Amino acid sequence: MPTVLIIDDNAAVAIALDVLFSLHDIAALRAASPEEGLDILGREHVDLVIQDMNFTADTTSGEEGVALFREIRRRHPDLPVILLTAWTHLDAAVELIKAGAADYLSKPWNDERLLTTVTNLIELGQANRALNQRLQRERKAKRELEQNFDLRGLVWQDPATERVLTLACQVARADVPVLITGPNGTGKERIAEIIQANSQVADGPFVVLNCGALPSELIEAELFGADAGAYTGASKAREGKFEAADGGTLFLDEIGNLPLAGQMKLLRVLETGRFERLGSNRERQVKVRVISATNADLGAMIRAGTFREDLFYRLNVIELRLPPLAARPGDILPLALSFLRGKTLHPSAESALQAHTWPGNVRELKNVMARASLLAQGDVIKAADLGLPVAVASTPDTEPDRDAIVQALARAGGVVAQASNELGLSRQALYRRMERLGIARPA
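Just so it is clear, the model here is predicted, and its values are computed rather than measured.

Caption draft 1: Quick look at the overall build of the protein chain. Helix and strand content of the protein chain: 19 helices and 14 strands. Relative to its length of 443 residues, the protein chain is extended, with a C-alpha radius of gyration of 31 Å against a globular reference of 22 Å. If one aligns the C-alpha atoms of the protein chain with their principal axes, the spans along those axes are about 105 × 45 × 45 Å. If you take every contact in the protein chain between residues at least 6 apart in sequence, the share linking residues at least 24 apart comes to 67%. Surface exposure of the protein chain reaches about 22800 Å², of which carbon and sulfur atoms provide 50%. Of the charged side chains in the protein chain, 50 are positive and 58 negative; the average position of the first set lies 7 Å away from that of the second.

Printed below as a string of structure tokens:
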């Protein structure tokens, strides 16, 4: 139950407020003087303060209330305070609102207005505290990851990225294959590098083969090598990627493009560590950690007969799902800033970057920032410099869908009031829509 502290030397006022709040499931604590109020604040959890402005008989200047308010702000800077007085001094009210007072009400007060104000402030305060606690946990987890593991200079901020990194570092020292899935341009190779850097073979080679960048007839030769004359144009023997990666890690990007014949040979290497070069009968032995990646639906490929199910299970001992950039909104601005060279972002550019859906993911963001850095006039990049399409805001006739709500909540850090403003809805309307769509309220 939320708790309000009432600091007022008039017992009748304090009792009336206590009764009003008790009828609406709000607990009330009472203090008759500034000293008693500050003492309670030091001992009890309080969600909001309602304070009088005058405590000495025949005093109407409000100076005592100003001093109390400033002391509360000094000790509890995030605690909302409502000022309540029978003597309204407009200039003083304006100054205190500027100094951080939540509201300034005159006696006698309007019960409905006061309850609305108190309820909104308590809800906002609880959301802000939950957000601050979550941010503190995230910052702590980020510091621990950066202190305990080699993250290869990766720039990130979003909890979704943190979850992937945590699992990647957790499995890095296990000698098992890892499959990294996710859309193109999300940074799958960077995750593979981090796994290698924290593995037992960190000092060994890190070899990359993009299975989608070569003709199917050459992939086997790239993987396993070839003796002279093994195929047209093979004038001399050549080493394959497995031999080059011996004692280290082989990263196979776009594994879904590997032809069936190559899949069968890859399965044998994973099981035995043995293979033959093309055109050779001599068996070779290697010790290689294999990390693979794909943006393809390997399950659908298995059903279609274009990917071996036994190879899938061999590669998929550990799967890391790297979300698209749009699902990691906390990463957008840190990444954008990392791609700039001596320039900064205007608030309009920040808003445009966060509103864009990024179908090309991190790769698209990098290209956008490179172009903006070249074309911007001056050292500050504005929204127009980015060349992004203008986001179309939701209208009252078009209710936001689940993805729009989730993304708005993420951009607002879980603050429902801020997300509702962005979506063009009232807070109550957003809550109702979240309930219909099964979206949990932010913790």
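Caption draft 2: Representation of the pattern of salt bridges. Going through the model one piece at a time under the given rule, you end up with 24 salt bridges. A salt bridge links Arg284 to Glu243; the nearest nitrogen and oxygen atoms lie 3.5 Å apart. With Arg284 in strand S10 (residues 283-285) and Glu243 in helix H9 (residues 241-244), this residue pair connects regions lying 41 residues apart in the sequence. Judged by its relative accessible area of 17%, Glu243 is buried. Here Arg268 ties to Glu283 by a salt bridge, and the two come within 2.2 Å at their closest N and O atoms. In this pair, Arg268 is assigned in helix H10 (residues 260-272) and Glu283 in strand S10, connecting sequence segments 15 residues apart. Arg268 gets classed as partly exposed once you look at its relative accessible area, which sits at 32%.

Caption draft 3: Spotlight on the packing of aromatic side chains. In the structure shown here, the tally under the stated rule is five aromatic pairs. On the numbers, 5.8 Å between centres and 0° between planes, the contact of Phe224 with Phe242 is stacked. Taken together, the positions of Phe224 in helix H8 (residues 216-224) and Phe242 in helix H9 put the pair 18 residues apart, joining distant regions of the chain. A single burial state applies to Phe224 and to Phe242, both of which are buried. When the centroid spacing of 6.2 Å and the interplanar angle of 35° are considered together, the rings of Phe242 and Phe275 count as tilted. On the criterion of sequence distance, the pair formed by Phe242 in helix H9 and Phe275 in strand S9 (residues 274-276) is long-range, its members being 33 residues apart. Phe275 carries the same exposure label as Phe242, and that label is buried. Each residue in the set Phe224, Phe242 and Phe275 is aromatic and connected to the rest through ring pairs, giving one cluster. Its end group placed over the ring of Trp156, Lys142 keeps NZ or CZ at 4.9 Å from the ring centre.

Caption draft 4: View of the confidence of the model for the protein chain. Of the residues in the protein chain, 93% reach a pLDDT of 70 or more, and the chain-wide mean stands at 87. Within the protein chain, helix H4 (residues 90-98) has the poorest average pLDDT of any element, 68, and helix H7 (residues 188-197) the best, 97. For the stretch residues 392-397, pLDDT sits under 50, and the model shows two contacts to residues farther than four places along the chain or on other chains.

Caption draft 5: Focus on the packing of helix H17 (residues 402-411) against helix H19 (residues 427-437). Taken N-terminus to C-terminus, the directions of H17 and H19 make an angle of 125°; their axes are 11 Å apart at the nearest point. Comparing the axis directions of H17 and H19 gives the class oblique. Once H17 is placed against H19, the crossing between them reads as left-handed. Every residue of H19 that contacts H17 at Arg402, Ile405 and Leu409 is listed here: Leu430, Arg433, Met434 and Leu437. For the contact of H17 with H19, the class distribution of residues is five nonpolar, no polar and two charged.

Caption draft 6: Here's a closer look at empty space enclosed by the protein. By the definition in use, this model includes one cavity of 30 Å³ or more. When its volume is computed, the largest cavity comes out at roughly 40 Å³. Every residue lining the largest cavity is listed: Ala326, Pro329, Ile332, Gln354, His356, Thr357, Gln407 and Arg411.

Caption draft 7: Structural detail: the sheet that holds strand S5 (residues 103-106). Strand order across the open sheet formed by five strands is S2-S1-S3-S4-S5, with parallel pairing between neighbours. Only two strands of the sheet have a single neighbouring strand rather than two, namely strand S2 (27-31) and S5. The average angle at which neighbouring strand axes cross in this sheet is 20°, direction not considered. As paired strands, strand S1 (residues 3-7) and strand S3 (residues 48-52) are joined by four bridges and run parallel to one another. The residue bridging Val4 from the neighbouring strand is Leu48, located in S3.

Caption draft 8: Examining the nonpolar core more closely. Core analysis: the largest hydrophobic core is formed by 28 residues, its most contacted members being Leu223, Phe242, Leu250, Leu252, Ile255, Leu266 and Phe307. Among the elements of the structure, strand S7 (206-210), H8, strand S8 (249-253), H10, helix H11 (298-304) and helix H12 (309-315) are those that each provide at least two residues to this core. When neighbours within four sequence positions are excluded, Leu250 is seen to be in contact with Val207, Leu223, Lys241, Phe242, Ala245, Val288, Arg289, Val290 and Ile291. With 21 residues, the next largest nonpolar core counts Leu165, Ala168, Cys169 and Val171 among its residues.

Caption draft 9: Examining the sheet that holds strand S11 (residues 289-294) more closely. The sheet built from five strands is open, its strands ordered S7-S8-S11-S6-S12 with parallel pairing. Looking at which strands have only one partner, the edges of the open sheet turn out to be S7 and strand S12 (318-321). Looking at each pair of strands side by side, their axes are set apart by 20° on average, direction ignored. Bridge analysis of strand S6 (residues 178-181) against S11 gives four bridges, and the strand direction is parallel. Bridge pairing in S11 places Thr181 opposite Thr294. Here H7 sits on the sheet and contacts S6, S7, S8, S11 and S12; the angle it forms with S6, its principal contact strand, is near 155°.

About the thresholds
Residue positions are given per chain, counted from 1 along the sequence in the order it is written. Predicted model: local features are reported for residues with pLDDT of at least 70 only, side-chain atom pairs are reported and counted for 80 or more only, and whole-chain, interface and lining totals are derived from all residues. Derived side-chain values reflect all non-hydrogen atoms in the structure, with water molecules and hydrogen atoms excluded from consideration. Helix numbering and strand numbering both begin at the N terminus, where a helix is a DSSP run of H or I of at least 4 residues and a strand a DSSP run of E of at least 2. Using C-alpha atoms as the atom set, the radius of gyration is obtained and then compared with a globule rule of 2.2 Å times the number of residues to the power 0.38. Whether two residues touch is decided by their heavy atoms; if any such pair falls within 4.5 Å, the residues are in contact. Using the Shrake-Rupley algorithm and a 1.4 Å probe, accessible areas are obtained, with residue cover drawn only from the displayed protein chains. Charge counting follows a simple rule: Lys and Arg are positive, Asp and Glu are negative, and His as well as the terminal groups are ignored. Taken as the charge centre is NZ of Lys, CZ of Arg, CG of Asp or CD of Glu, depending on the residue. We define a salt bridge as a contact between a side-chain nitrogen of Lys or Arg and a carboxyl oxygen of Asp or Glu at a distance within 4 Å. To sort residues, take the accessible area from a 1.4 Å probe on protein chains only and compare it with the maximum for the residue type: under 20% means buried, over 50% means exposed, and anything in between is partly exposed. In summary, the pairing rule links any two rings of Phe, Tyr or Trp, Trp by its six-membered ring, whose centres are within 6.5 Å, and it sorts them by plane angle into stacked for under 30 degrees, edge-to-face for over 60 and tilted for everything else. Either the NZ atom of lysine or the CZ atom of arginine qualifies as a charge over a ring when it sits within 6 Å of the ring centre and within 35 degrees of the ring normal. For every residue, the pLDDT score states the predictor's confidence, bounded by 0 at the bottom and 100 at the top. Helix axes are fitted only over the stretch in contact, all axes being lines through C-alpha atoms; the angle between N-to-C directions runs from 0 to 180 degrees. When describing relative orientation, an angle under 35 degrees is termed roughly parallel and one over 145 degrees roughly antiparallel, while 65 to 115 degrees is termed roughly perpendicular and anything else oblique. For any pair of crossing helices, the crossing counts as left-handed if the nearer helix is rotated counterclockwise from the farther one by less than a right angle, and right-handed if it is rotated clockwise. Residues are grouped as follows: Ala, Val, Leu, Ile, Met, Phe, Trp, Tyr, Cys and Pro are nonpolar; Asp, Glu, Lys and Arg are charged; every other residue, Gly included, is polar. Method remark: on a 1 Å grid restricted to protein atoms, a set of points is classed as a cavity if a 1.4 Å probe fits but cannot get out and as a pocket if it is open with protein on both sides within 12 Å along at least five of seven lines; lining residues have an atom within 4 Å of a point. Grid points are joined across faces, edges and corners, and a volume is the space filled by probe spheres set on the points. Here, strands pair whenever DSSP counts at least two bridges between them. The criterion is simple. A nonpolar core is a set of buried Ala, Val, Leu, Ile, Met, Phe, Trp, Tyr and Cys residues joined through side-chain atoms within 4.5 Å.

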